[in-house]
Amino acid sequence: MNKPVLLTLTAALALGACAGQAAVPAASPGAQAALAPATLVPEAPPRIAAPAAAAPVSPAWLRVPERREHSRRRSSPALARVSAANWEALREPSRDRYSGAMQTYPWTEGSLYRLYTAPGRVSDIALQPGEALVSVAAGDTVRWVIGDTTSGAGATRRVHILVKPSEASLSTNLLIATDRRVYHVQLESSPGGGMSSIAWSYPDDALLAVRGAQAAEPVAAAEGLAIERLNFGYRVDGDRPPWRPVRAFDDGRQVFIEFPPGLATNEAPPLFVRGEGGGAELVNYRLRGRYYVVDRLFSEAELRLGSGKQQVVRIVKDGEAASRKRRGKSS
């Protein structure tokens, strides 16, 4: 029953398909061109960039990073020794070595001397009287103004190096060469007040002067004076009369106060030694040539001369003035 029906439907569909094909008109050549599928153009293969040439690689023992190398140099034992030596050689201002606004350093070969400066202010570096300037060199000549001038004439002619920073927080070094020595000065600038002036005392020159005085004036020094034990750690400050002492020193037992040549007997001022309580005490001393020879050691003494307004010159042992002030505050 089912098979005849399926055969009939299949035959009908085949006849319809044949009839449809016969009914389609033939297409014109133009229409065929219009209905033809578009020609497919194959895409160009993608371009692959050639790999960049690799930089030449140095052997491992040559590739030291710059930062690591810099750190190694900074931490090297040699630089540590340099820093330690500079620190040991540096001389800072001391309260005991001020005379007015001038800081006086004791001169020693190879030392570095600190000078604190301030913008807008000139600081003075005073050389030894009679010393001739040869040259001045600074590490930073752009931000520091450095010049020189002189004062006095003849044997008292003195060279002054003038220093002024352009701004605060600067640091450099200064080298001063003269006909006698070379000075190494460490310059620092700060917004606070700078030092007005620095100068030096010269123990070696004083020792030569004493030796010459012993040869020329045998009465100037005590018999049996041991040159190797002399201590020149005294400073002279106060007024500046014509009789102002040149220097003072001791040999461990006595103090010798040297006056300028030509000291007249009527100009010889009396000497008073300051005791522990600060009061003036008379002391045994005698005049030999142009020296006062004091029969004991002292920390501070005064020479006074004149009626009414007296001329007063103080002789202070280095380090004693500050310790006296500290003892006074603690008591």
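Below or above, wherever it landed, is the structure these notes cover. (Residues numbered from 1 in each chain as written. Predicted model: local features only at pLDDT ≥ 70, side-chain atom pairs only at ≥ 80, totals over all residues. Heavy atoms only, no water.)

## Quick notes on the overall build of the protein
- On a plain count of helices and strands, the protein comes out with six helices and 20 strands.
- Taken over 331 residues, the protein has a buried fraction of 31%.
- Pairs at least 24 residues apart make up 60% of the contacts formed inside the protein by residues separated by at least 6 positions. (Helix = DSSP H or I, 4+ residues; strand = E, 2+ residues; numbered from the N terminus. Buried < 20%, exposed > 50% of the residue type's maximum accessible area, 1.4 Å probe, protein only. Contact = heavy atoms within 4.5 Å.)

## Observations concerning the pattern of salt bridges
- The full count for this structure, using the stated rule, is 13 salt bridges.
- Among the ionic pairs, Arg 181 bridges to Glu 131, the shortest N-O distance being 3.1 Å. Within this pair, whereas Arg 181 is found in the loop between strand 9 (171-178) and strand 10 (182-189), its partner Glu 131 is found in the loop between strand 5 (123-126) and strand 6 (133-138), the two being separated by 50 residues in sequence.
- A residue is classified by how much of its surface remains accessible, and Glu 131, at 1% relative accessible area, is buried.
- We note a salt bridge from Arg 247 to Glu 258, for which the minimum N-O separation is 2.5 Å. With a gap of eleven residues between them, Arg 247 in strand 13 (residues 247-250) and Glu 258 in strand 14 (residues 255-258) connect regions that are remote in the sequence. Each member of the pair, Arg 247 together with Glu 258, is buried.
- Connected through salt bridges with shared partners, the residues Glu 92, Arg 114 and Glu 188 form a single ionic network. (Salt bridge = Lys/Arg side-chain N within 4 Å of Asp/Glu carboxyl O.)

## Re the sheet that holds strand 4 (residues 112-117)
- Spatial ordering of the open sheet is given by 1-4-10-9-6, a layout of five strands whose pairing is mixed. In this open sheet, the two strands that pair with only one neighbour each are strand 1 (90-91) and strand 6.
- In this structure, strand 6 lies alongside strand 9, joined through five bridges in antiparallel fashion. Opposite Ala 138, over in strand 9, you have Leu 174 as the bridge partner. (Pairing = 2+ DSSP bridges.)

## Quick word on the pairing of strand 15 (residues 271-274)
- In this structure, strand 15 lies alongside strand 19 (residues 300-305), joined through three bridges in antiparallel fashion. Its bridge partner being in strand 19, Leu 271 is matched across the sheet by Leu 303.
- Taking the residues between adjacent antiparallel strands as the criterion, strand 15 and strand 16 (residues 280-282) are bridged by five residues, where Gly 278 takes a positive phi near 95°.

## Digging into the sheet that holds strand 5
- With mixed pairing, six strands are arranged side by side in an open sheet as 2-3-11-5-8-7. In the strand order of this sheet, the two ends are held by strand 2 (98-99) and strand 7 (144-151), each with one partner.
- Bridging between strand 5 and strand 8 (residues 158-165) involves four bridges; their strand directions are antiparallel. In the strand pairing of strand 8, Ser 123 is matched with Val 163.

## Some remarks on the nonpolar core
- Core analysis: the biggest nonpolar cluster contains 20 residues, and Ile 125, Leu 174, Ile 176, Val 185, Ile 198 and Trp 200 have the highest contact counts within it.
- Looking at this core, the elements with two or more residues in it are strand 4, strand 8, strand 9, strand 10 and strand 11 (197-201).
- With residues up to four places along the chain from it excluded, the contact list for Val 185 reads Tyr 113, Leu 115, Ile 125, Thr 172, Asn 173, Leu 174, Ile 176, Ile 198 and Trp 200.
- Listed in part, the 18 residues of the second largest apolar core include Tyr 234, Trp 243, Val 294 and Leu 303. (Core = buried A, V, L, I, M, F, W, Y, C linked by side-chain atoms within 4.5 Å.)

## Thoughts on the packing of aromatic side chains
- Applying the stated criterion across every chain yields a total of eleven aromatic pairs.
- Aromatic side chains Tyr 183 and Trp 200 sit 4.4 Å apart centroid to centroid with 45° between the ring planes, which places their arrangement in the tilted category. Of the two residues, Tyr 183 is situated in strand 10 and Trp 200 in strand 11; the sequence distance between them amounts to 17 residues.
- Put simply, the rings of Tyr 105, Trp 107, Tyr 113, Tyr 183 and Trp 200 touch in pairs and so form one group of aromatic residues.
- The side chain of Arg 181 reaches across the aromatic face of Trp 107, ending 5.5 Å from its centre.
- Over the ring of Phe 272 we find Arg 304; its NZ or CZ atom is 5.0 Å from the centre of that ring. (Phe/Tyr/Trp six-rings, centres within 6.5 Å; stacked < 30°, edge-to-face > 60°. Lys NZ or Arg CZ within 6 Å of the ring centre and 35° of its normal.)

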